[in-house]
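Fold and contact review
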Amino acid sequence: MSWIDRLLARKKQKKQTQRQEARLCLEHLEDRIVPATKLISAVDPTLVNGSASANGLSTATNQGSVSDDGRYVVYLSDATNLVDGTDNNNTDDVFLYDNQDSSTTLISRKAGESTTTAGNDRSYIPTISGDGKWVAFVSEATDPVSGVTFGGGSPSHVYLYDVVNDSLELITMKHDSTTEAANTGISTATAMPSLSDDGQYLAFISDATNLIDGQTSSRDGSSISSLTGEPPQDAFLYDRLATSDKISMVSHIPTNEKSGGNEYTSLVTVSGDGSTVAFVSFSTNLGQTADRSSTSPDLFIYDVETTDVTLVTHDASNDDTSAASQADQDFLPPSISDDGQLITYASKSSTLVTNQSEKVADIVGATHDGFLTATITTAEAHNLAVGQQVNIT
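Since the model is a prediction, treat every value here as computed from it, not as a measurement.

So, on to the overall build of the protein. Counting its secondary structure elements, the protein contains three helices and 23 strands. Within the protein, the fraction of its 393 residues that count as buried is 46%. The long-range share in the protein, meaning contacts at least 24 apart out of those at least 6 apart in sequence, stands at 53%. Just so you have it, the protein exposes about 19,500 Å², and 49% of that area is on carbon and sulfur atoms.

Right, here's the structure in full:
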């Protein structure tokens, strides 16, 4: 074989090798992008008897149900065969699925016994931190932690589960007590807790009036909630790493950080970095100036470092002390960026942005300092192509 023939043969072999490598890379890429469906609420393998289907209904929330890396999924189920244990509460429990080893863990369980014995009442609205190490949820069970007594009022309380150490803590405890739960819990379905990415901060809603030292309420006889007998319901923030006073009031009035607003609060969300908390409230005495005029719920943000509360849904023609007209949030939870600098929310108001026309509902963006920057109408949002980005500048 001449040197020319040898050169051509080497080139031919090189091309064949390149084609094989390219084919392997393509096949590997195809393996990654082809959608695959996996059953999360699967029956414990030891209990499978002809069918892998759970014997109850399982649901996941549309916010905070999956860790950032996709390893963990937290969900609710009233099925009794997801783990090999005892479940006699005939209602929903909280489960954690590990996508790495396909294991399922019962979180809302009875303390002091098998880790597969469900609590004595229902649990709901779970959320998981971005790093997958913490799960917060609400439960009406009175036995998830031992040595704690529960008083009157709503039986629903906030719990925090440590995924790494497989431990559970009651968050809504009476101030300075390790054996007594707060005097009431949560009485609304819009009280889903919210966790920062690392699980240091937990924002939640509670009716309790003894979560913090010196806690008071600014409600008076003219408050709608007072006239209807509704509980005060304020927003709170739990700092897991704080050495003392781990719980702070978020929905506080300007003159007293331990006094809640004069109406009830709901829909609380903390940013990924834990710097900002967004919440919705009917209170008219929150924000930088009290006695704000409003007949509908408004959106506020709480600065964790400064503890300032700022009205977000303010009139575009005024400062942030005057609420926009009909800023009704329709009880849709706001969405906040990881750094707490951008909040998006739905509103019926026509005065949030200059020259804004009347709409059924708008999607609005606001910067951290409360100044509204742009609006995307519902019609425009419906016309967006999949994957298309909208810049709010």
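A few words now on unusual backbone geometry. Look at Ile125: it is not a glycine, yet its phi comes out positive at around 35°. Here Ile125 shows up in strand β5 (residues 123-128). Unlike most non-glycine residues, Thr307 shows phi in positive territory, near 65°. Mapped onto the fold, Thr307 is located in the loop between β18 (298-303) and β19 (309-311). Residue classification places Thr307 among the buried positions, given a relative accessible area of 17%.

Taken as a whole, the second largest pocket holds about 480 Å³ of empty space. Surrounding the second largest pocket, 23 residues form its lining, His175, Leu211, Asp245, Lys246 and Ile247 being those nearest its centre. For the lining of the second largest pocket, the elements supplying multiple residues, two or more each, are β8 (167-170), β13 (247-249) and β15 (256-260). Taken together, the residues of the lining of the second largest pocket sort by class into nine nonpolar, six polar and eight charged.

A separate point is the nonpolar core. Ranked by internal contacts, the top residues of the largest apolar core, which has 56 residues, are Leu96, Val135, Phe204, Leu237 and Val277. Those residues in contact with Val277 that sit more than four places away from it in its chain are Ala203, Leu237, Val250, Val268, Thr269, Val270, Phe300, Ile301, Tyr302 and Val304.

What follows concerns empty space enclosed by the protein. Any empty space left between the atoms is revealed when a probe the size of a water molecule rolls over them. Inspection of the entire model under this criterion finds one cavity of 30 Å³ or more. Taken as a whole, the largest cavity holds about 60 Å³ of empty space. Surrounding the largest cavity, Ala79, Thr80, Asn81, Leu82, Val83, Gly85, Thr86, Asp87, Phe95, Leu106 and Thr116 form its lining. For the lining of the largest cavity, the per-class residue count stands at five nonpolar, five polar and one charged.

Where burial is concerned, most of strand β3 (residues 93-98) is hidden: six out of the six residues are buried. Residues of β3 alternate between two faces, with Asp93, Phe95 and Tyr97 on one and Val94, Leu96 and Asp98 on the opposite face, all of them buried. Pairing of strand β2 (residues 72-77) with β3 involves six bridges; the strand directions are antiparallel. Each residue of the ladder has a partner; that of Tyr72, found in β3, is Asp98. The loop that links β3 with its antiparallel partner strand β4 (residues 103-106) comprises four residues; one of these, Ser102, has a positive phi angle of about 60°.

Each regular strand carries side chains that alternate between the two faces of the sheet. For strand β12 (residues 234-239), the buried fraction is high: six of the six residues fall into the buried class. A two-sided burial pattern is seen for β12, the buried positions comprising Asp234, Phe236 and Tyr238 on one face and Ala235, Leu237 and Asp239 on the other. Note: strand β10 (residues 201-206) against β12, six bridges, orientation antiparallel. Looking at β12, one finds that Phe204 is bridged to Phe236. One ladder, built from three bridges, connects β12 with β13; its direction is antiparallel. By the bridge assignment for β13, Tyr238 is matched with Ile247.

Basis of the calculations
Residues numbered from 1 in each chain as written. Predicted model: local features only at pLDDT ≥ 70, side-chain atom pairs only at ≥ 80, totals over all residues. Heavy atoms only, no water. Helix = DSSP H or I, 4+ residues; strand = E, 2+ residues; numbered from the N terminus. Buried < 20%, exposed > 50% of the residue type's maximum accessible area, 1.4 Å probe, protein only. Contact = heavy atoms within 4.5 Å. Areas by Shrake-Rupley, 256 points an atom, 1.4 Å probe, with all protein chains shown as cover. 1 Å grid on protein atoms, 1.4 Å probe; cavity = no way out; pocket = protein on both sides within 12 Å on 5 of 7 lines; lining within 4 Å. Points joined across faces, edges and corners; volume = space filled by probe spheres on them. Nonpolar A, V, L, I, M, F, W, Y, C, P; charged D, E, K, R; others polar. Core = buried A, V, L, I, M, F, W, Y, C linked by side-chain atoms within 4.5 Å. Pairing = 2+ DSSP bridges.

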